[in-house]
Amino acid sequence: MNWDLLGPVLLDAIGQTLFMVVATMLVGGVLGLGLGILLYTTRPGGILANRVVFTVLNVLVNIIRPIPFIIFITAIGPLTISVVGTQLGTTAATFALIVAATFGISRIVEQNLVTIDPGVIEAARAMGASPWRIITTLLVPEALAPLILGYTFVFVAVVDMTAVAGAVGGGGLGDFAIAYGYQRFDWTVTAVAVVLIVVLVQAAQFAGNRLARKALRQ
Amino acid sequence: MTAAAPLIEFQDVTKTFRTGRGRPVTALDGVTLGIDEGDVFAIIGYSGAGKSTLVRLINALEPVTSGRVLVDGTDLSTLRERGLREVRRGIGMVFQQFNLLRSRTVFGNVAYPLKIAGWGKAAREKRVAELLGFVGITDKAWHYPGQLSGGQQQRIGIARALATNPKILLADESTSSLDPETTSEVLRLLKRVNTELGVTIVVITHEMDVVREIADKVAVLDSGRVVEQGPVADVFASPKEETTRRFVETVLRDQPRGDDLARIRERHRGRLVATRVGDDRRIGAVLSDALGRHGVRFELVYGGIKELGGRAFGGLTLELLGEESAVDALVAELREVTEVEELVP
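All residue numbers refer to positions counted from 1 along the written sequence of the respective chain. Each chain gets a letter, beginning with A, and each ligand a number, beginning with 1, in the order they are written. At least 70 in pLDDT is required for a residue's local features to be given in this predicted model, at least 80 for side-chain atom pairs to be given and counted, and no such filter applies to totals for whole chains, interfaces and linings, which use all residues. Only hydrogens and water are set aside; all other atoms, that is, all heavy atoms of the structure, feed into the side-chain values.

An unreviewed UniProt entry lists chain B under the name Methionine ABC transporter ATP-binding protein, with Prauserella endophytica given as the organism.

Student: Hey, could you go over the pattern of salt bridges for me, with residue numbers and the actual values?
Tutor: We define a salt bridge as a contact between a side-chain nitrogen of Lys or Arg and a carboxyl oxygen of Asp or Glu at a distance within 4 Å. Going through the model one piece at a time under the given rule, you end up with 29 salt bridges over all chains. A single network of salt bridges, built from pairs that share partners, joins Arg271, Glu324, Asp328 and Glu342 of chain B.

Student: Describe the domain arrangement of chain B, naming the residues involved and giving the relevant values.
Tutor: Residues and elements named next belong to chain B. These domain boundaries are the output of an automatic or database domain assignment. In terms of domain boundaries, chain B breaks down into domain 1 (1–90 + 166–174 + 189–249), domain 2 (100–165) and domain 3 (253–342). Each of domain 1 and domain 3 has a C-alpha centre, and these two points are 38 Å apart. Whether two residues touch is decided by their heavy atoms; if any such pair falls within 4.5 Å, the residues are in contact. On the side of domain 3, eight residues touch domain 1, which itself brings nine residues to the contact. Across the domain 1 to domain 3 interface the summed buried area is about 790 Å²; carbon plus sulfur atoms make up 56%. The largest share of the area that domain 1 buries against domain 3 comes from Arg212, Ala233 and Glu249, three residues that together contribute 62% of it. Counting across the interface, domain 1 meets domain 3 through zero salt bridges. Whenever two N or O atoms come within 3.5 Å, that pair is a polar contact, provided that in protein one can donate a hydrogen and the other can accept it, and provided that, for residues adjacent in sequence, both atoms are side-chain atoms. Between the two partners, domain 1 and domain 3, sit zero residue pairs in polar contact (both at pLDDT 80 or more). A simple way to read buried area is as the amount of 1.4 Å-probe accessible surface that goes missing from two parts once joined, with both sides added.

Student: How would you summarise the nonpolar core if you had to cite specific residues and measurements?
Tutor: Residues belong to one nonpolar core when they are buried, are Ala, Val, Leu, Ile, Met, Phe, Trp, Tyr or Cys, and are joined through side-chain atoms within 4.5 Å. Here the term buried applies to any residue with accessible area under 20% of the maximum for its type, exposed to any over 50%, and partly exposed to those in between, with areas from a 1.4 Å probe on protein chains only. Judged by nonpolar contacts, the single largest core of 63 residues is most densely connected at Leu138 and Leu139 of chain A together with Phe10 and Ile58 of chain B. Both domain 1 (1–90 + 166–174 + 189–249) and domain 2 (100–165) of chain B contribute no fewer than three residues apiece to this core. Filtering out sequence-adjacent residues up to four positions away, Leu139 of chain A remains in contact with Tyr40, Thr41, Leu113, Ile116, Ile121 and Ile134 of chain A. If you look at the next biggest cluster of nonpolar residues, it comprises 52 residues, including Leu187, Val211, Val251 and Phe313 of chain B.

Student: Lay out the interface of chain A and chain B in plain terms, naming residues and giving numbers.
Tutor: With 19 residues of chain A in contact, the opposing surface of chain B contributes 22 residues. In total, about 1,900 Å² of surface goes out of reach between chain A and chain B, with carbon and sulfur atoms giving 54% of it. At the junction of chain A with chain B, the criterion picks out one salt bridge. A salt bridge links Arg56 of chain B to Glu122 of chain A; the nearest nitrogen and oxygen atoms lie 2.5 Å apart. Numbering of helices and strands starts at the N terminus; helices are DSSP runs of H or I of at least 4 residues and strands are runs of E of at least 2. With seven residues, helix α6 (residues 118–126) of chain A is the largest single contributor of residues to the side of chain A that touches chain B. Classifying every residue of the side of chain A that touches chain B gives nine nonpolar, five polar and five charged. Amino acids outside the nonpolar list (Ala, Val, Leu, Ile, Met, Phe, Trp, Tyr, Cys, Pro) and the charged list (Asp, Glu, Lys, Arg) are all regarded as polar, and Gly is one of them.

Student: Break down the sheet that holds strand β11 (residues 271–278) of chain B for me, with residues and values.
Tutor: Residue and element names in this part refer to chain B. If you trace the four strands from one edge of the open sheet to the other, you get β12-β13-β11-β14, paired in antiparallel fashion. Only two strands of the sheet have a single neighbouring strand rather than two, namely β12 (297–308) and β14 (340–342). On average, each strand axis in the sheet is inclined to that of its neighbour by 15 degrees, with strand direction left out of account. For two strands to pair, DSSP has to find at least two bridges joining them. Sheet analysis places β11 next to strand β13 (residues 311–321), joined by eight bridges and oriented antiparallel. Bridged to Val273 within β13 is Leu318. For every element, the axis is a line fit to its C-alpha atoms; helices are fit only across the contacting stretch, and the angle between N-to-C directions ranges from 0 to 180 degrees.

Spelled out as structure tokens, the structure:
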């Protein structure tokens, strides 16, 4: 491996991966949280029970979530062009990542909210709490620990998905490993990319576990 | 009937639930009852009788299907969601499973309804301290619910329900998951809420002991219908319905039956008669008199006397020993003062 030549490329790739992961986790995380809460609260018997909204969202999530990301990132091209202006590059890849992550996260959020004791929600209703207040002061705090673990899980999945971004010229470590490692038969380059990804994932998992334990301490 | 309108009034209330594709299930059927201010009103029934549904109509957690529920003169069906939230803030609720927020401390749980009601920080802290003092768990303020016993958790549940100074407290099987000793403690606390704070309490239960210990009035619910209601002593002194009778028997097992009776018979060869005991039934006088006049001796073999709604209730089974004709004469005399049943082998 030629460090003088590949060093700057590797740094760029690290930067691109970090940008894609962080942007996806921030934007997709918030959107996914909102969508997950909507899925949970609009279901029959929920505090915002609404059959139409629930059915539409539920079907939408079920359609989009199972699409393999490498297909999704190309299939969403027209939408990416109309929003980002191009379907190539890191920003375009990030857009696709955010959309995919939003739907994936929404299910994980919904599944964690289901574990909350309905009696506690009833207690809050009996106190005269509005749905918005129940969402912000009860649902999220009560499910915080499993939500943190859920987001940690998603983080790892998003790192995995960024490797596909190379397919649309999005760059990142995955692209780096394919372009300079696999295609040039340079195993050292591949190994470096793998080690970096493993370190990133381990760090995220460690931080997620600690935060979740802190939230669970009660 | 008192002249003032009841604080809580059910007028011909029906509630049906739709369950999937099945036929709608009727939980409450033509319920009419009034709960006066200051009452401790018990609603007793077996599981599935509709008790929990009934109590949830009072704070409009569920809407009625037909009929009206009036709270403090307001027909709840005329209110929109925002108005109902206001009503709910004036009604506290205590649950069987306590339903505390596990992510908040004891302090945070009790302060939660105050936050919802828009109290300032200083006022909240003062009120929570008062409430924790009232229920006797000041030292646990910074613990989490998961670290406390069931009895302590229910005290916090009660403190939380009382936070906003409600006029009404709904207790839904509030002692059903507690052991007998803790149950008594929690019931005493509820009684204090009624006598010291003047809060009207609606208690939902399937346990006669709960009714016996704290209620003034009772309604017996069976398959969604109120089969009997009135002051506790009146309803249980002369139960008219089978359901009521069965509940009375759970606290006053006044007659030996089955195996009990067989065992008693082995030990007592005389004639066995079961009598009812009450304030107005002077069977002691008849019995002490019988010894001299009829030459009949007696032995107490079964039964007991308890207080219910401020009156004595119970039954005693006697073994009567003496001449056949003398025993007959004594039984006849007993029949003049109370119900007597001969337990023939």
